[in-house]
Amino acid sequence: MQITRSSIDTAKGPADLFTGDVYIDAVAAAPAPSRVTASLVHFMPGARTHWHRHPLGQTVFVTEGIGLCQRRGGPVEVIRPGDRVLFEAGEEHWHGATPNRLMVHLAINEGDADHDVVHWLTPVTDEEYQARARSTSRAHQ
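Below, the structure is looked at part by part. Because the structure is a prediction, the values reported are computed rather than measured.

Analysis parameters
- Residues numbered from 1 in each chain as written.
- Predicted model: local features only at pLDDT ≥ 70, side-chain atom pairs only at ≥ 80, totals over all residues.
- Heavy atoms only, no water.
- Helix = DSSP H or I, 4+ residues; strand = E, 2+ residues; numbered from the N terminus.
- Contact = heavy atoms within 4.5 Å.
- Areas by Shrake-Rupley, 256 points an atom, 1.4 Å probe, with all protein chains shown as cover.
- Buried < 20%, exposed > 50% of the residue type's maximum accessible area, 1.4 Å probe, protein only.
- Polar contact = N/O pair within 3.5 Å; in protein donor to acceptor, adjacent residues only side chain to side chain.

## Concerning the overall build of the protein
On a plain count of helices and strands, the protein comes out with 1 helix and 13 strands. The linear arrangement of helices and strands in the protein, starting from the amino end, is β-β-β-β-β-β-β-β-β-β-β-β-β-α. Here the contacts in the protein between residues at least 6 apart in sequence split such that 68% fall between residues at least 24 apart. Accessible surface, the protein: about 8,100 Å² in total, of which carbon and sulfur atoms supply 52%.

Structure below.
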């Protein structure tokens, strides 16, 4: 058995990439040649990513709370603990917590040959989020 002690503090998600309070714990970021990273991401109620895409895709595994996710042009999906979401390579999407619940997920990414993991796009506006959250809430009552 090998235990690697964490030496990295929890980081606050930068306001230019996230709306609301988001906290990130690095889980795995192996040195080259490995290109896989994993982070435990804590979204406080109402917090969310901006629209973004991953060159080689992303898998998120929900561990706690209730979240929302959407790919560009698709419906809003409710995600719950145990759900695994695969965002295809290059697929524009966002994810975050519902307005009244936190959500925590493990985000697993693979960098491309240049170790590029994510391309950030525009924010999900409050109006977009509130309309999506309302329609999702009604659909799941």
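## Let's talk about the side chain of His-52
Relative to the helices and strands, His-52 resides in strand E6 (residues 52-53). We classify His-52 as buried; its relative accessible area is 1%. Here His-95 takes part through its side chain, which lies 3.3 Å from a polar atom of the side chain of His-52. Once residues within four sequence positions are removed from consideration, His-52 is found in contact with Gln-58, Glu-91, Glu-92, His-93, Trp-94, His-95, Val-118, His-119, Trp-120 and Leu-121.

## Considering the environment of Phe-61
Here Phe-61 shows up in strand E7 (residues 58-65). Measuring from C-alpha to C-alpha, the distance between Phe-61 and Gly-82 comes to 6.5 Å, with 21 residues separating the pair along the chain. In contact with Phe-61, not counting residues within four places along its chain, are Gly-82, Asp-83, Arg-84, Val-104, His-105 and Leu-106.

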